[in-house]
Structures are given as structure tokens and as C-alpha cells.
Amino acid sequence: MQTDASINPGNSGGAMVTLDGRLVGINTAILTPAGGNIGIGFAVPSNMAVAVMQQLIKHGEVRRGRLGIGMHDLTPDLAEALELGGIHGAVIANVEPGSPAEKAGLKAGDVVAAVDGAPVQGATHLRNRLGLTPVGSTIRLTVRREGDEREVDLTITAEATSSGDFAGTPLDGARLRNASAEEARRAGSAGITVDSVEPDSLAAWVGLRRGDMIVAVNRTPVSSVADLRDMLAGRRAIVALELIRDGNRLFMVAR
């Protein structure tokens with residue numbers, strides 16, 4: 001959420017309130033080319049913060065939901081090319097095999113126009129709705145396909161994660177999951193995303209960071225957590241990890 005309210009360095013995590021005292025966001029960042037406040041700030045919407053808080057209280061972690069789809073915005077040009085008229089929504093770019101989306105019959109090219117009757121404004125809006133919906137919940141998508149509109153019910157599943165499986169390896173302490181289709185598209189490669197790293201763990205000592213994507217071990221590509229586990233099984237005590245971090249490729253030696 002963008003705001004022109006004055007947010008200065010050190011205000012991150014503070015409350016953003018309206019003039020009548022209603023909490024609307026949690027201050028997060030400012031656009032600061034010269035190091036000072038220029039009147040452009042960003043905050044996490046309060047409803048999103050509440051959803052995260054509730055998951056932390058209940059589970060001790062945030063369990064992001066998934067349907068197994070990659071998506072992008074439905075631009076006016078794309079809507080015109082697909083003869084969809086003036087509707088808003090998110091276009092499904094790909095569907096992961098075996099995912100809830102595939103089982104429900106969703107296909108690449110489908111347009112998600114609403115979730116539980118609420119209009120979808122774009123890919124980011126849909127991604128956030130799905131990610132913060134409690135795992136196990138059933139949602140109803142309004143989907144447009146070739147001029148027809150249909151309602152599809154799907155059950156949200158948890159993103160696949162793994163941490164304990166790497167105990168005793170140089171990745172001990174890292175919580176890993178298969179990279180999403182969107183992450184793989186941005187990186188230009190399939191891989192394994194680092195969701196979190198426990199402080200003072202082997203993974204932290206190696207230098208792994210949240211958001212890193214592991215794409216190869218000893219120059220051999222890996223595309224899933226299962227592949228990575230097999231690659232590390234029986235390996236010598238030192239391995240070379242190839243990562244993508246902030247759009248750059250780098251090698252990291254793990255002992």
C-alpha cells in the first residue's frame with residue numbers, strides 16, 4: 001500500500017493510522033534516492049498483517065497456501081487479443097502437474113475474475129489472496145475460458161517445504177521448497193527456494209539467505225527438494241552450490 005504520509009528511517013514496523021485512529025497498515029519501507037523522506041512510503045495492509053499474526057499464533061509460522069498455478073496480469077492488450085472485453089483479473093500462465101488447480105481442470109489461458117465472489121484486480125491481488133487463505137480452506141474461483149464463465153471449487157494446500165530432511169548436511173537449518181512457477185520464470189531456471197534460515201545453523205554459517213534459489217549442486221542442475229536431497233545423500237563433506245540471489249548467479253561452498 002503506497003502512502004504519502006511521512007515515514008522516516010526507523011519507522012518500519014510502526015502503525016499507520018487514519019485521522020480517526022483506525023489502523024490501516026504497518027509501515028514497511030520508503031522510496032529514498034538520497035537517503036531521506038521524499039513523501040513516497042509503503043505499508044503492509046492491516047488485514048494482511050492480521051492474517052500473518054493469526055497464523056503465527058496458531059502455527060508458529062506462516063503457512064502460505066497454493067493452488068499450483070503461475071499467473072500474470074490481464075492487460076488491456078491481452079484482454080483484447082483474447083476477446084475478453086473489459087473484464088479484470090489474472091491470467092493463468094501455467095498449471096503444475098498434480099496440483100489442486102490441475103485436478104480442478106484449470107488450464108493455461110484461463111482468466112480468474114473473482115475469488116469467492118470478490119473481483120480479482122490482478123496477479124498480485126490473486127497471489128496474496130491465495131497465499132493468505134488458511135491451508136485446507138475451500139475457495140470458489142470465477143473463471144473465464146473462451147467466452148464462457150464457470151465456477152470452480154478448489155482446496156488450498158500448503159506450499160511444499162522441508163528443513164529436517166537436511167539434518168546433518170551443510171543445509172541443516174534451512175527451510176526449503178520447490179520454486180514456484182513465477183519464481184522460476186523470473187530467475188530463468190527451475191530450482192529450490194530458501195524460505196528461511198535458522199540463526200546459528202549450519203545453513204546460516206554457510207551463508208544461505210532467505211530468498212536464495214539453489215539451481216545446481218557441483219554443476220549438476222536441481223529442480224526440486226527431492227532432487228537436492230538425492231544429490232546431497234552420500235556426498236563428501238564439501239559441495240559447491242550454485243545460487244541465484246537478487247537476479248545474480250553465484251557459487252557458494254558448503255562444508
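Please refer to the structure higher up on the page.
Residues numbered from 1 in each chain as written. Predicted model: local features only at pLDDT ≥ 70, side-chain atom pairs only at ≥ 80, totals over all residues. Heavy atoms only, no water.

Novice: Mind showing me how you'd approach the pattern of salt bridges here?
Specialist: Scanning the model with the defined rule gives 7 salt bridges in all. Across the salt bridge formed by R140 and D153, the nearest N and O atoms sit 2.7 Å from each other. Here D153 lies in strand β11 (residues 148-155) and R140 lies in strand β10 (residues 138-145), a separation of 13 residues in the sequence. What makes D153 partly exposed here is its relative accessible area of 44%. The salt bridge partner of R177 is D195, with a shortest N-O separation of 3.0 Å. Of the two residues, R177 sits in strand β13 (residues 174-178) while D195 sits in strand β14 (residues 192-197), which places them 18 residues apart along the sequence. Exposure remark for D195: the relative accessible area of 22% places this residue in the partly exposed category. (Salt bridge = Lys/Arg side-chain N within 4 Å of Asp/Glu carboxyl O. Helix = DSSP H or I, 4+ residues; strand = E, 2+ residues; numbered from the N terminus. Buried < 20%, exposed > 50% of the residue type's maximum accessible area, 1.4 Å probe, protein only.)

Novice: What should I look at first to understand the nonpolar core in this one?
Specialist: Note that soluble globular proteins tend to have their nonpolar side chains buried in a common cluster. Grouped together as the largest cluster of nonpolar side chains are 21 residues, with contacts concentrated most on L171, L176, V217 and L228. The element contributing the most residues to this core is helix α7 (residues 225-232), with 4 residues. If you look at the next biggest cluster of nonpolar residues, it comprises 19 residues, including M71, I139, V143 and L154. (Core = buried A, V, L, I, M, F, W, Y, C linked by side-chain atoms within 4.5 Å.)

Novice: Sorry if this is basic, but what is going on with a nonpolar patch on the surface here?
Specialist: Taken together, L31, I38 and F42 make up a surface patch of nonpolar side chains, about 250 Å² in accessible area. As for its placement among the helices and strands, F42 is situated in strand β4 (residues 41-45). (Patch = residues over 30% accessible without salt bridge, like charges linked within 9 Å, V, L, I, M, F, W, Y side chains within 5 Å. Areas by Shrake-Rupley, 256 points an atom, 1.4 Å probe, with all protein chains shown as cover.)

Novice: Looking at this structure, how should I read the sheet that holds strand β3 (residues 23-30)?
Specialist: Read from one edge to the other, the open sheet built from 4 strands follows the order β1-β4-β3-β2, with strand pairing classed as antiparallel. This sheet does not close on itself; its edge strands, each paired only once, are β1 (2-3) and β2 (15-17). Two elements, β3 and β4, share 5 bridges in a ladder whose sense is antiparallel. Looking at the pairing, N27 lines up with A43 of β4. Contacting β3 and β4, helix α1 (residues 46-59) runs over the sheet at an angle of about 50° to β4. (Pairing = 2+ DSSP bridges. Contact = heavy atoms within 4.5 Å. Axes fitted to C-alpha atoms, helices over the stretch in contact; angles between N-to-C directions.)

Novice: What is the right way to look at the pairing of strand β7 (residues 90-95) in this model?
Specialist: Successive side chains on a regular strand alternate, one facing one side of the sheet and the next facing the other. In this sheet, β7 lies alongside strand β6 (residues 69-73) in antiparallel orientation, the contact comprising 5 bridges. Residue pairing across strands places M71 opposite I92, the latter belonging to β7.

Novice: When you look at the side chain of N27 in this model, what are you seeing that I'm missing?
Specialist: With respect to the element layout, N27 can be found in strand β3. With sequence-adjacent residues up to four places away left out, N27 is seen in contact with I7, N11, S12, G13, G14, A15, M16, F42 and A43.

So, to be careful, I would describe these as geometric facts and stop short of saying anything about function.
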